[in-house]
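# A structural walkthrough
Listed here are the chains, written in short residue letters.
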Amino acid sequence: MRLTMYTDFSLRVLIYLGTKEPDKLTTIQEISEAYNISKNHLTKVTFELGKAGFIQTVRGRGGGIRLADLPQNINVGTVVRKMEDDFHLVECFDPATNRCPISPVCGLRGVLGKALHAYLAVLDEYTLEDLMFNKEGLREILKT
C-alpha cells in the first residue's frame, strides 16, 4: 500500500502544527519552507484538512492555521481515510471500472482486502501525538 503525496503532505502539515503551541497560528509559507514543498500544494492540502475538521483556518491579516484538536485526539487512520481518494489496490476493487476477466473466480481481491484492513487497523492504533514522540527534535529540524 502506498499513500498519495497528498496524504503524506497532510500528515506532515499536522506534525508541523503539532509541534507548535496550541493557539499559535502558522502560515502555509512557514510549512512550505520547512519541508521544501510547493506552497500551492500545501494550500490545497490545508483546505481539505480544514474541511475535514483537522485544522482551523483564520483568514485575513495575521491569520494562519492551527490544529483543531489536541494531537492525542487526532487519529492517524482517520486522517488517512479522509485524505486518500480511494483504496483501490487493484482494478477489481472498483466495480465501476473493473474489466478483469478473472474477477469472478480470483482470490486476489479477498487477500488484498484483508491486507488493506490490517494496514488501516494498524494506523488506527496511533495518534498524531504518537508520531511526534520526539517533539524537541522535530522542533529543531523544522525550526518551529
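Let us look at the structure shown here. (Residues numbered from 1 in each chain as written. Predicted model: local features only at pLDDT ≥ 70, side-chain atom pairs only at ≥ 80, totals over all residues. Heavy atoms only, no water.)

## Focus: the overall build of the chain
Tallying secondary structure elements over the chain gives 7 helices and 2 strands in all. Listed N to C, the secondary structure of the chain is α-α-α-β-β-α-α-α-α in terms of helices and strands. Dimensions of the chain along its principal axes, counting C-alpha atoms only, are 60 × 30 × 25 Å. Buried positions account for 35% of the 144 residues belonging to the chain. (Helix = DSSP H or I, 4+ residues; strand = E, 2+ residues; numbered from the N terminus. Buried < 20%, exposed > 50% of the residue type's maximum accessible area, 1.4 Å probe, protein only.)

## Digging into the pairing of strand E1 (residues 55–58)
As defined by bridge partners, E1 adjoins strand E2 (residues 64–67) across 4 bridges and the pair is classed as antiparallel. Within the sheet, the bridge partner assigned to Thr-57 lies in E2 and is Ile-65. Hairpin connection between E1 and E2: a loop of 5 residues separates the two successive antiparallel strands, and Gly-60 in this loop has a positive phi of roughly 90 degrees. (Pairing = 2+ DSSP bridges.)

## Quick look at the packing of helix H1 (residues 5–18) against helix H2 (residues 28–35)
At a minimum axis distance of 11 Å, the contact between H1 and H2 shows a crossing angle of 110 degrees. The orientation of H1 relative to H2 falls into the category roughly perpendicular. Residues Arg-12, Val-13, Ile-15, Tyr-16 and Leu-17 of H1 form the contact with H2, whose participating residues are Glu-30, Ile-31, Ala-34 and Tyr-35. Class assignment for the residues of the contact of H1 with H2 results in 7 nonpolar, no polar and 2 charged. (Axes fitted to C-alpha atoms, helices over the stretch in contact; angles between N-to-C directions. Parallel < 35°, antiparallel > 145°, perpendicular 65-115°, else oblique. Contact = heavy atoms within 4.5 Å. Nonpolar A, V, L, I, M, F, W, Y, C, P; charged D, E, K, R; others polar.)

## A word on the nonpolar core
In this structure, Val-13, Leu-14, Leu-17, Ile-31 and Leu-49 are the most contacted members of the largest nonpolar core, which totals 32 residues. Only H1, H2, helix H3 (39–51), E2, helix H4 (76–83) and helix H5 (108–124) provide two or more residues apiece to this core. Take this core: its biggest share by element is 7 residues, from H1. In contact with Leu-14, not counting residues within four places along its chain, are Leu-49, Phe-54, Ile-55, Leu-67, Ile-74, Val-79 and Leu-128. (Core = buried A, V, L, I, M, F, W, Y, C linked by side-chain atoms within 4.5 Å.)

## Some remarks on the pattern of salt bridges
Using the criterion set out here, one finds 5 salt bridges in the structure. Residue Lys-20 pairs with Glu-30 through a salt bridge whose shortest N-O separation is 3.7 Å. With Lys-20 in the loop between H1 and H2 and Glu-30 in helix H2, this pair connects stretches of sequence that are 10 residues apart. On the basis of relative accessibility, which here comes to 29%, the residue Glu-30 falls in the partly exposed class. Arg-81 is paired through a salt bridge with Asp-124; the nearest N and O atoms lie 2.6 Å apart. Here Arg-81, found in helix H4, pairs with Asp-124, found in helix H5; they are 43 residues apart in sequence, far enough to count as distant. A relative accessible area of 36% places Arg-81 in the partly exposed class. (Salt bridge = Lys/Arg side-chain N within 4 Å of Asp/Glu carboxyl O.)

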